Amino acid sequence: MRASTLALVLSWPLSALAQTAAPVVEAKPEGATPAVETQTEAAAAAANDPAVLTKEIDTAIQRGVDFLIASQNPSGSWGSATLTKGLNINAPIPGAHHAFRTGASALALEGLLKSGDRRPATVAAIEKGEAWLFDQLPRLRRAEQLTIYNNWGHAYGIRALAELNRYHAGNASKQAAIARLAEQQVEMLYRYEYLNGGWGYYDFVAHTQKPSGSPTSFTTATVLLALRDARDTFGIQLNERVVQRALRCLRQQEIPDGSFAYSLPHQMAPRRGINRPAGSLARSQACNVALRAFDDEDITDERVVAWLDRLTKRDGFLSIGRKRPVPHETHFQISGYFYFYGHYYASEAFSIIPEKDRSKLREPLAKLLLEKQEKDGSWWDYPLYNYHKPYGTGYVLTALSRYRPE
């Protein structure tokens, strides 16, 4: 297995730049420092000051937390099916919306927990979100034969439970209840494993009880990382045969340049746009972390760093797709909902690389998220009924909490 990094360098001729942008500077007494130079140096110093970045992140996190507090449903969940548009993602009722709401609520709750914000209003929102998750997560099931959106709810539910376990440190009875629910969710993921190994969210083939459709690389990575959390946080012994089938499925979708095919059949069209490096920019972050979590020696620090660096330089491809209402309509068949998914897992990749690399990548990765916060404090990338702001904000709160300078 071999990973390589492609570089796209766009430059403007220096001669043209000099002709079109030559500054006019008044003569200064000998030894004086031009004001513009002083301002530039001050701005550069501020940009490299960890305290400045910390303040920006903390301010953004508080605004995001405030949004989640204000938008939480009376039930304790987040999101609803009430906001529609001309083109909507297929969502057979009621199961699909139960899955959407569970996944969005779990991500929002994880974001609140990871934020470190413990104001009374935040604690109250966490308690309501926890109660809803305990009530609804055990009931989550496959919507119908075609859609298996519940896999997202099971996976992100486990990740939220892992954070709740840390939140309730010292409360043995509460932690025991959380562990039981996490184990039940692991069993649900085993139930919805695909015939080919791994996981997806559609069965376009035979509509069988054990899904016969095409597992996707990113859903498989998402579930593997949830299973990792179940193992490491709760000591749950994983079904090794299920895990190994999923890892095999994920490796089958790996392309020699470090990209990952969108789904298992896509391995037969590796140069299709969505399977090329720009199309895989979000997926490769999650897949790299998932393989690394299960001791794949080919996922080296150098490879993880290369893909994070690529994200900072080629984020524009992902960002162009952001907020577009039609999936896969832009460059490399990117959809809006790739965006914060990719950055959520990029922040997890960031947490496993050496400090020398984190120090270089922390600010550019954080800035990409800070600049996209909405006026109401939320983040969103794709209009999904009324679930997009809770899941987007949850993704980013978790990511920014990892980018806080230590």
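The following refers to the structure shown. (Residues numbered from 1 in each chain as written. Predicted model: local features only at pLDDT ≥ 70, side-chain atom pairs only at ≥ 80, totals over all residues. Heavy atoms only, no water.)

Overview of the overall build of the chain
And step 1. A tally of regular secondary structure across the chain gives 14 helices and zero strands.
And step 2. Counting from the amino terminus, the chain carries its helices and strands in the arrangement α-α-α-α-α-α-α-α-α-α-α-α-α-α.
And step 3. Residues counted as buried form 54% of the 406 residues belonging to the chain.
And step 4. Contacts spanning at least 24 positions in sequence make up 73% of the contacts within the chain whose residues lie at least 6 apart.
And step 5. A total of about 17900 Å² of accessible surface is found on the chain, and carbon and sulfur atoms cover 55% of it. (Helix = DSSP H or I, 4+ residues; strand = E, 2+ residues; numbered from the N terminus. Buried < 20%, exposed > 50% of the residue type's maximum accessible area, 1.4 Å probe, protein only. Contact = heavy atoms within 4.5 Å. Areas by Shrake-Rupley, 256 points an atom, 1.4 Å probe, with all protein chains shown as cover.)

Overview of the layout of surface pockets
And step 1. Taken as a whole, the largest pocket spans an internal volume of roughly 840 Å³.
And step 2. Together, 34 residues line the largest pocket, and Tyr149, Trp152, Tyr201, Phe218 and Tyr337 are the ones closest to its centre.
And step 3. When contributions to the lining of the largest pocket are tallied by element, the ones reaching two or more residues are helix H4 (95-115), helix H6 (150-167) and helix H14 (388-403).
And step 4. The greatest single-element share of the lining of the largest pocket, amounting to five residues, is contributed by H4.
And step 5. Looking at the lining of the largest pocket residue by residue, the classes come out as 24 nonpolar, nine polar and one charged.
And step 6. By volume, the second largest pocket amounts to about 280 Å³.
And step 7. Lys114, Glu348, Ser351, Ile352 and Arg402 are, among the 19 residues lining the second largest pocket, the residues nearest its centre.
And step 8. Those elements that place two or more of their residues in the lining of the second largest pocket are H4, H6, helix H8 (217-234), helix H10 (283-293), helix H12 (339-350) and helix H13 (355-370).
And step 9. Top element by residues in the lining of the second largest pocket is H6. It accounts for four residues. (1 Å grid on protein atoms, 1.4 Å probe; cavity = no way out; pocket = protein on both sides within 12 Å on 5 of 7 lines; lining within 4 Å. Points joined across faces, edges and corners; volume = space filled by probe spheres on them. Nonpolar A, V, L, I, M, F, W, Y, C, P; charged D, E, K, R; others polar.)

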